[in-house]
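These are the residues of each chain, in order.
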Protein chains: 2
Amino acid sequence: MSPSRLDFQLEAQATGSRARAATFRTLHSTVRTPLFMPVGTQATVKAQLPETLHESGSQILLANTYHLLLRPGPEVFKKMGGIHKFMQWPGSVLTDSGGYQIFSLPHSRSMTEAGAVFQSYVDGQRILLSPELSIQTQMAIGSDIMMVLDQCIPSTADEKAARKALQVTQRWAARSLAAREDSPQSMFAIVQGALYPHLRRESAEGLMQMSFDGFAIGGLAVGEEKAEREDTCELTACLLPADRPRYLMGVGTPLDVLEAVHRGVDMFDCIIPTQVAKRGSVFTSRGVIQLRRTVYKFSEDRLDPDCTCPVCAKYTRAYLHHLTKTQEPLGWQLMGQHNIHFYHQLMREIRQSILEDRFLKLYHEKRQILQVEDIDHPVTTVKPPVISPDHAQRVGDYELSVTPGQPARIFHITTGQAVSTDAATPQWNEEVPLAQHLRLPADVPAEEATPLILWDIGLGAGAAAIAAILTYEAEAEKAPLRPLHIVSLTNDLSALRLALSHKRHFPYLRHGAADTLLHRGTWTSRYKPGLTWTLLQGPLGETLSQAPAPPELTLHQPLPGMELPRASNERDLPSPGL
Amino acid sequence: MSPSRLDFQLEAQATGSRARAATFRTLHSTVRTPLFMPVGTQATVKAQLPETLHESGSQILLANTYHLLLRPGPEVFKKMGGIHKFMQWPGSVLTDSGGYQIFSLPHSRSMTEAGAVFQSYVDGQRILLSPELSIQTQMAIGSDIMMVLDQCIPSTADEKAARKALQVTQRWAARSLAAREDSPQSMFAIVQGALYPHLRRESAEGLMQMSFDGFAIGGLAVGEEKAEREDTCELTACLLPADRPRYLMGVGTPLDVLEAVHRGVDMFDCIIPTQVAKRGSVFTSRGVIQLRRTVYKFSEDRLDPDCTCPVCAKYTRAYLHHLTKTQEPLGWQLMGQHNIHFYHQLMREIRQSILEDRFLKLYHEKRQILQVEDIDHPVTTVKPPVISPDHAQRVGDYELSVTPGQPARIFHITTGQAVSTDAATPQWNEEVPLAQHLRLPADVPAEEATPLILWDIGLGAGAAAIAAILTYEAEAEKAPLRPLHIVSLTNDLSALRLALSHKRHFPYLRHGAADTLLHRGTWTSRYKPGLTWTLLQGPLGETLSQAPAPPELTLHQPLPGMELPRASNERDLPSPGL
């Protein structure tokens, strides 16, 4: 291999561990490893100012080529003098290649040796993302470190698919390198090979024949077990040259990062610190805190007594609890800032311990604390919601009506309208378009399929959601399907509670999903893990913003009180499923 | 009147204008007028850090008693030592009384001499907001300036209603003052009287009998014309004592503020600077800029060449355009910060000009610039979207089908499903629950009614939305109604465009609303100004977050491609409108 453009200097290697500390120099800064890179997908880290990122110790930000190619587009970066100037970021930038997105986002279309064709979510245009286009875009963005375009597959792929992907990745890596031409930007290759040690070796050895400035471990954190990930990570890291940075892509929690450092990895990126901040989850030296919990409502404590970040210096848990409950953007900003600081502080402590050769001790201590919830305020068992006794004929504004010889029904008392309660009859399941939606696109294995997000607005007595579940379960017997994520949004569980307390009248509720949903807020099929059902309770205006988006299907199940009539010619429409 | 607790010092009075400059001292700071108060409804100004607010010159923040009463609740403020400590705000705080919210938010229920009963959006509890509870809550919050609970009515109310409201406000003002007991917090009274000069006088004179530390002009910016507002503002300001601050509540744009300073007002609050920032509207010395416009995509210019705020010092219009297009929270933060700075800078210039007795000149200059859009990049006439010529039988994935003797229909080509196109037949309009929703609650005049927000998800060929419009127009002939705001969310206008190019087949489209909607993105009834129709075009995941929320009614009008069947027992349901 030719010398790295990064002037990588290994400074220390821990005893009894593969952890190591190093420095290297990018076009914009000197960086110290191990390091964590906050994710700035669209040339901005969610709700974070560049100056606070810099002050908290961010050295490199990750930006997404796929998103930036579509918006604002490479021409803007060319005009504006690159991403650093565009977003006013004084540190370094690493751009991914778009490989991960085209294989995981819902706009992917087809894959050939030339590249991947996908449809732009901005203007609908069909775009061929080739290794050349990816690198040209990354050159326009002007990142310090570019990634080769790779073919990312699930870590659980079979050997044949895994070999095929790594071979394509190999050829694309060579094309990526050629496309760089005389750019001074560094470039990392990506080792693939799923969970097969011999394929990982084959991939690493092939890539090491070329002049890359660093190597990434790709294809992990996409479906495998934690132990499998750690083993494969360690194996792959060992295969890589000692004089180049090693980067584990898309990983992970603070604990994941610690484990991977121990296994010889230098660089990490993950959206977790900003993503979980939006729902009020905060990493602290006393475990993970869920700020929505009422236990913090009156708390004058700082987020983390051991943290030196500006948020911990200034704000109480009570205020951050309030910002979480009110979903104020200031909360995302402050808690994201703290979480990023937490990651960087962890990396600094890790690095210092490696330099002083006491990493192994730190590793064992941190491992404990990084996997607990708030140790000062442990979560006690959640009480199940009160279900009315079986003889209750009313819950909230809903009433049960039983007429002998006819199916029982549930009425909304105020409006007198009936709630749907037999959507789950078998004939419903046979002709529905849902089954079509669930079909896998040609050439896409189930593991690579994008989940179908189905919004069930209203919930009602759960009949429509259960119908979707039964459909899924029936169809899945015939062929592999895309994952299905049902999200029910409702302000009122009364109709479902009433139905559940009279299950003998509503046979579709013998399916246990609704019970679990009410008790836990979420249900996952034991047999089809891609099938999930989540409850978001609250005013629609609030829950919509929490729901995974965009939905591919929206099932409107209005509560009678909010129903508007359908168009009058609906009787003329083909009635699917009737 | 007893001496003001605020130690109000009039410093200068402009020549040829009623504009004045003063200082007064709150419990937390000395403030200089004229001043603008950013709105921190929930103890946080949207996406703004306290330190940047302070640095930009914010002297007083406004917080909303109604919201803070419900969440986090007065007990939290008591425990945490008041709002300043809670939100880490070093300046002063003014709390409104909740009067405006209970008369304008959708949870209001009934109003008596005792107070207003409303239902909590947090836990559904019924709460009597009396003058005493409002003041006790404001004391718990610990604001520097409290507002009396007032009865806010539309400025266009008739004389009888206006007199009744001001008399109630008068009695509630006395009760508010008594409820303060020995608190050192200041208290402002609120002058009501709609647009009737003699009622404004009656209200002001009554309130001036009591020992208030300042006076607000209430009941403006709630329905009247600009000239009416300015006249009433000037008249009321003249009635008020010269040695107390005058506060025009909820006003307004920079131009509104300038006009009111000229008429003798000292204090203002408005959500505009942060609210418009979210959609990329920015105030500059060269007019208002809409950053979503493509003209800024490559612009290396600063937002405002004459602005000294940190955002203008650092970022280009191109980057802020990008943050607007991607709806990144950093954009709301940065543009909100700039807008707030713009307001404060305007107030500082105004104040300086008053102190130097050249306000009138400044007033005439500023008046010009504050009412224009970007003068360097004027908006050219918007081209109407291309409507297919009448003979086109297809638009996008939709096809027209005409069978002699039958109503024409529009089909989704891919799925073969028909789009609803005759929802507007007269019988549809007679039995619908929509009419019930539109009825005014007992004792609520039309002007005080909360608008009904109707989400029309999907749009289709516009039939359902037009049906709602026709229903409104028909019902409005019989009785006054609540306002109706229809919001259509869609990714695809093809079906509507196709129908519009074949109007003779689709008589409901003779109603001009759909044409206007397509050309302008919004339609307002000329005869019933409360009736509006707005188009939000884009993926549902994006448009939902832009739609006014929460919707009271949601009409799901799925495009055939995204339709899920209704529950199978829908045939058993009463079918309203058929």
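Residues numbered from 1 in each chain as written. Chains lettered and ligands numbered in written order. Predicted model: local features only at pLDDT ≥ 70, side-chain atom pairs only at ≥ 80, totals over all residues. Heavy atoms only, no water.

- Chain A is annotated in an unreviewed UniProt entry as Queuine tRNA-ribosyltransferase from Prosthecobacter dejongeii.
- The Catalytic activity (unreviewed entry) comment attached to chain A in UniProt states, word for word, "7-aminomethyl-7-carbaguanine + guanosine(34) in tRNA = 7-aminomethyl-7-carbaguanosine(34) in tRNA + guanine".
- As stated in UniProt under Subunit (unreviewed entry), the record for chain A gives "Homodimer. Within each dimer, one monomer is responsible for RNA recognition and catalysis, while the other monomer binds to the replacement base PreQ1." (UniProt positions renumbered as here; feature names shortened; annotations may be inferred.)

1. Considering the pairing of strand β15 (residues 281-284) of chain A
Regular strands show a simple pattern: their side chains alternate between the two faces of the sheet.
Residue and element names in this part refer to chain A.
Moving on, step 1. Alternating residues of β15 divide into S281 and F283 and V282 and T284, and every residue in both groups is buried.
Moving on, step 2. Note: β15 against strand β16 (residues 287-290), four bridges, orientation antiparallel. Bridging from a neighbouring strand, S281 pairs with Q290 of β16.
Moving on, step 3. Where β15 folds back onto β16 in an antiparallel hairpin, the turn is made up of two residues. (Buried < 20%, exposed > 50% of the residue type's maximum accessible area, 1.4 Å probe, protein only. Helix = DSSP H or I, 4+ residues; strand = E, 2+ residues; numbered from the N terminus. Pairing = 2+ DSSP bridges.)

2. Digging into the pattern of salt bridges
Residue and element names in this part refer to chain B.
Moving on, step 1. A complete count under the given rule lists 58 salt bridges over all chains for this structure.
Moving on, step 2. For the salt bridge of E205 with R201, the shortest nitrogen-to-oxygen distance reads 3.8 Å. Of this pair, E205 and R201 both sit in helix α8 (residues 197-208), separated by four residues, roughly a single helical turn.
Moving on, step 3. Of the residues examined, E205 reaches a relative accessible area of 42% and is grouped as partly exposed.
Moving on, step 4. By relative accessible area, R201 is classed as partly exposed at 42%. (Salt bridge = Lys/Arg side-chain N within 4 Å of Asp/Glu carboxyl O.)

3. Comments concerning the sheet that holds strand β11 (residues 186-191) of chain B
Pairing between the strands of a sheet is mediated by backbone hydrogen bonds and can be parallel or antiparallel.
All names here are of chain B.
Moving on, step 1. Within the open sheet, the eight strands sit side by side as β4-β14-β13-β12-β11-β10-β6-β5. Their pairing is parallel. Strands at the two margins of the open sheet, each flanked by one partner only, are β4 (35-38) and β5 (60-63). Each strand axis lies, on average, 25 degrees off the axis of its neighbour in the sheet, ignoring direction.
Moving on, step 2. Sheet analysis places β11 next to strand β12 (residues 214-217), joined by four bridges and oriented parallel. Directly across from V191, in β12, lies its bridge partner I217.
Moving on, step 3. The strands touched by helix α7 (residues 159-180) within the sheet are β10 (145-147) and β11, with β11 carrying the most contacts at an inclination of about 175 degrees. (Axes fitted to C-alpha atoms, helices over the stretch in contact; angles between N-to-C directions. Contact = heavy atoms within 4.5 Å.)

4. What to know about the environment of A:A165
Residues and elements named next belong to chain A.
Moving on, step 1. Here A165 lies in helix α7 (residues 159-180).
Moving on, step 2. As for A165 and K79, which are separated by 86 residues in sequence, their C-alpha atoms are 36 Å apart.
Moving on, step 3. Apart from the residues within four sequence positions on either side, A165 is in contact with Q151 and I153.

5. Comments concerning the UniProt feature "binding site: Zn(2+)" (unreviewed entry) in chain A
Residues and elements named next belong to chain A.
Moving on, step 1. What UniProt calls "binding site: Zn(2+)" (unreviewed entry) maps, in this numbering, to C307, C309, C312 and H338. On the basis of their most widely separated C-alpha atoms, the annotated residues across 32 residues gather in one place, lying no more than 8.5 Å apart.
Moving on, step 2. When you line up the elements, C307 lands in the loop between β16 and α12 (310-314).
Moving on, step 3. For C307, a relative accessible area of 15% gives the class buried.
Moving on, step 4. What C307 contacts, discounting residues up to four positions off in sequence, is C312, H338 and H341.
Moving on, step 5. Under the relative-accessibility criterion, H338 is labelled buried at 0%.
Moving on, step 6. Those residues in contact with H338 that sit more than four places away from it in its chain are V282, F283, L303, D304, C307, C309, V311 and C312.

6. Here's the deal with the packing of aromatic side chains
Moving on, step 1. All chains considered together, the criterion is met by 23 aromatic pairs over all chains.
Moving on, step 2. Between B:F36 and B:Y343, the aromatic rings sit 4.2 Å apart at their centres with planes inclined by 35 degrees, giving tilted as the arrangement. Note that B:F36 is positioned in strand β4 and B:Y343 in helix α14 (residues 329-355), a separation of 307 residues in sequence. Take B:F36 and B:Y343: they sit in the same class, and that class is buried.
Moving on, step 3. The rings of A:F36, A:F283, A:F342 and A:Y343 are connected pair by pair, giving a single aromatic cluster.
Moving on, step 4. Above the face of the A:W332 ring, A:K278 is positioned so that its terminal group lies 4.2 Å from the ring centre. (Phe/Tyr/Trp six-rings, centres within 6.5 Å; stacked < 30°, edge-to-face > 60°. Lys NZ or Arg CZ within 6 Å of the ring centre and 35° of its normal.)

7. Comments concerning the packing of helix α10 (residues 254-262) of chain B against helix α15 (residues 359-369) of chain B
All names here are of chain B.
Moving on, step 1. In contact at an axis separation of 10 Å, α10 and α15 are set at 155 degrees when each is read in the N-to-C sense. Taken together, the axis directions place α10 and α15 in an arrangement best described as roughly antiparallel. With respect to the hand of their crossing, α10 and α15 are arranged in left-handed fashion. Every residue of α15 that contacts α10 at L255, L258, E259, V261 and H262 is listed here: F359, L360, Y363, K366 and R367.
Moving on, step 2. Counted by class, the contact of α10 with α15 contains six nonpolar, one polar and three charged residues. (Parallel < 35°, antiparallel > 145°, perpendicular 65-115°, else oblique. Left-handed = near helix turned anticlockwise from the far one by under 90°. Nonpolar A, V, L, I, M, F, W, Y, C, P; charged D, E, K, R; others polar.)

8. Here we look at the sheet that holds strand β12 (residues 214-217) of chain A
Residue and element names in this part refer to chain A.
Moving on, step 1. Strand order across the open sheet formed by eight strands is β4-β14-β13-β12-β11-β10-β6-β5, with parallel pairing between neighbours. At either margin of the open sheet sits one strand with a lone partner, and together these are β4 (35-38) and β5 (60-63). The sheet shows a mean angle of 25 degrees between the axes of neighbouring strands, taken without regard to direction.
Moving on, step 2. Note that β12 and strand β13 (residues 246-248) share three bridges and pair parallel. Considered in β13, the bridge of F215 is made with R246.
Moving on, step 3. Where α7 meets the sheet, its contacts fall on β10 (145-147) and β11 (186-191), and the angle it forms with β11 comes to roughly 175 degrees.

9. Quick notes on the nonpolar core
Moving on, step 1. Ranked by internal contacts, the top residues of the largest apolar core, which has 70 residues, are A:I83, A:L320, B:I83 and B:L320.
Moving on, step 2. When residues no more than four places from it in sequence are discounted, the contact partners of B:I83 are B:A43, B:A63, B:L68, B:F77, B:Q88, B:V93 and B:I141. (Core = buried A, V, L, I, M, F, W, Y, C linked by side-chain atoms within 4.5 Å.)

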